[in-house]
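What the coordinates show
Residue strings, one per chain:
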Amino acid sequence: MVTSSQHLVLVGMMGTGKTTVARVLGDRLGRPVLDSDAVIEARTGRTVREIFATDGEPAFRALETDVLREALASDTPSIIAAAGGVVLSPTNRALLKESGARVVWLCADPSTLVERVKSGGHRPLLDADPAGTLQRMFEEREALYREVADAIVLVDTRTVGEVVEAVLR
Ligand code: S3P
């Protein structure tokens, strides 16, 4: 259970529903919701896709770390939807651990995600071979999500409402 002073952070692969679930949780708990991709886009005035294309993935990852660090340092307990790649960086994983935030991994089989991510314009990494890329990413990241997670919620067969209830439990 998340305490009243703790941030609640959702991590997980692209397409697991982090942003949608975070919005519903924000309404339910009366907390601000912060989506790391959205903060980066608002701050830079550029889309995630543009940043990847122009500056490259390392530049995007640096912005991601800045945004995560600031979000976790905020005194206002929030719901943070952290983009799928945040767990790649050891710095980010340490930030999550040290912050005392409650971290929930929304976990899905990569085959479930292929259908869900079809319309994802902010996901340039999936432009070529989405199914193969998701499978590879899952294999690379599974242990990292597990490392940072306080709880795991399986989302494959759950509706958004059911995922929200499971996170709250
Ligand atoms: C990424 C996930 C995306 C976005 C970018 C890279 C990743 O965010 O940050 O395309 O490496 O998993 P979502 O998880 O919100 O789709």
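An account of the accompanying structure is given in this report. A quick note: this is a predicted structure, and the numbers were derived from the prediction, not measured.

On to the nonpolar core, then. Judged by nonpolar contacts, the single largest core of 46 residues is most densely connected at Val9, Val11, Leu25, Leu106 and Val167. Sorting elements by how many residues they give to this core places helix α7 (residues 130–148) first, with 6 residues. With sequence-adjacent residues up to four places away left out, Val9 is seen in contact with Leu72, Ile80, Ala82, Leu96, Ala101, Arg102, Val103 and Val104. Membership of the second largest hydrophobic core comes to 6 residues, among which are Val48, Ile51, Phe52 and Val67.

Two descriptors summarise a pair of aromatic rings, namely the distance from one centre to the other and the angle between the planes of the rings. The final tally for this structure, using the stated rule, is 2 aromatic pairs. Relative to Phe60, the ring of Phe52 has its centre 4.8 Å away and its plane inclined at 40°; by these criteria the two rings are tilted. On the basis of relative accessible area, Phe60 is assigned to the buried category, the value being 2%. With a centroid separation of 5.6 Å and 25° between ring planes, the pair formed by Trp105 and Tyr145 is classed as stacked. Linking Trp105 in strand β4 (residues 102–107) with Tyr145 in helix α7, this pair joins segments that are 40 residues apart in sequence. Residue classification places Trp105 among the buried residues on the basis of a relative accessible area of 1%.

Before going further, it helps to spend a moment on the sheet that holds strand β2 (residues 33–35). Spatially, β2-β3-β1-β4-β5 is the arrangement adopted by the 5 strands of the open sheet, whose pairing is parallel. A strand with exactly one partner marks an edge of an open sheet, and here the two such strands are β2 and β5 (151–154). Strand-to-strand twist in this sheet, taken as the mean axis angle between neighbours without regard to direction, amounts to 20°.

Another point: the site of the ligand. Within the structure, the ligand sits among 13 residues, and Asp37, Arg61, His122, Arg123 and Arg141 are positioned closest to it. Within the side chain of Asp37, one N or O atom sits 2.7 Å away from an oxygen atom of the ligand. Note that an oxygen atom of the ligand is positioned 2.8 Å from one of the backbone N or O atoms of His122. Protein contacts shield 98% of the accessible area of the ligand, which totals 390 Å² for the unbound molecule. Partitioned by chemical class, the residues of the shell around the ligand number 5 nonpolar, 3 polar and 5 charged.

Attention now goes to the environment of Ser78. Within the element layout of this structure, Ser78 appears in the loop between α4 (57–73) and β3 (79–81). For the pair Ser78 and Ala53, spaced 25 residues apart in the sequence, the C-alpha separation amounts to 31 Å. Not counting residues within four places of it along the chain, the set of residues in contact with Ser78 comprises His7, Leu8, Arg31 and Pro32.

Glancing now at the packing of helix α1 (residues 18–29) against helix α8 (residues 160–168). Close contact between α1 and α8 brings their axes to 10 Å; oriented N to C, the two are set at 60°. As summarised for this structure, α1 and α8 are arranged oblique, according to the angle between their axes. Note on packing geometry: the crossing formed by α1 with α8 is right-handed. Here Thr20, Val21, Val24, Leu25, Arg28 and Leu29 of α1 come into contact with α8, specifically with Val160, Val163, Val164, Glu165, Val167 and Leu168. Residue composition of the contact of α1 with α8, by class: 9 nonpolar, 1 polar and 2 charged.

Positive phi is not limited to glycine here, since Asp129 has a value of about 50°. Summarising the element assignment, Asp129 is placed in the loop between α6 (110–116) and α7. A relative accessible area of 45% means that Asp129 is categorised as partly exposed.

Cut-offs and rules
Each residue is numbered by its place in its chain's sequence as written, counting from 1. Thresholds applied to this predicted model are a pLDDT of at least 70 for local features of residues and 80 or more for the giving and counting of side-chain atom pairs; totals over whole chains, interfaces and linings are not thresholded and use all residues. Computation of side-chain values: all heavy atoms of the structure, hydrogens and water removed. Working definition of a nonpolar core: buried Ala, Val, Leu, Ile, Met, Phe, Trp, Tyr and Cys residues. They are joined through side-chain atoms within 4.5 Å. Burial classification: accessible surface area is computed with a 1.4 Å probe over protein chains only, and a residue below 20% of its type maximum counts as buried, one above 50% as exposed, and the rest as partly exposed. In this description a helix means any DSSP run of H or I spanning at least four residues, a strand means any run of E spanning at least two, and both kinds are numbered starting from the N terminus. Whether two residues touch is decided by their heavy atoms; if any such pair falls within 4.5 Å, the residues are in contact. Put simply, two rings from Phe, Tyr or Trp (the six-membered ring, in Trp's case) pair if the centres are within 6.5 Å, and we call them stacked under 30 degrees between planes, edge-to-face over 60, tilted for the rest. Strands are treated as partners if at least two bridges between them are detected by DSSP. Throughout, an axis means a line fitted to C-alpha atoms (over the contacting stretch in the case of helices), and angles, computed between N-to-C directions, take values from 0 to 180 degrees. The rule for a residue being near a molecule or strand is that one of its heavy atoms must lie within 4 Å of it. A 3.5 Å cut-off defines polar contacts: any pair of N or O atoms within that distance qualifies, except that in protein one atom must be a possible hydrogen donor and the other a possible acceptor, and neighbouring residues in sequence count only when both atoms are side-chain atoms. Calculation of accessible area relied on Shrake-Rupley with a 1.4 Å probe; when residues are assessed, cover is drawn exclusively from the protein chains displayed. Ten residue types, Ala, Val, Leu, Ile, Met, Phe, Trp, Tyr, Cys and Pro, are classed as nonpolar, four, Asp, Glu, Lys and Arg, as charged, and the remainder, Gly among them, as polar. Comment on the angle field: the value is read as roughly parallel under 35 degrees, roughly antiparallel over 145, roughly perpendicular from 65 to 115, and oblique elsewhere. Crossing chirality is assigned from the near helix's rotation relative to the far helix, an anticlockwise turn below a right angle marking it left-handed and a clockwise turn marking it right-handed.

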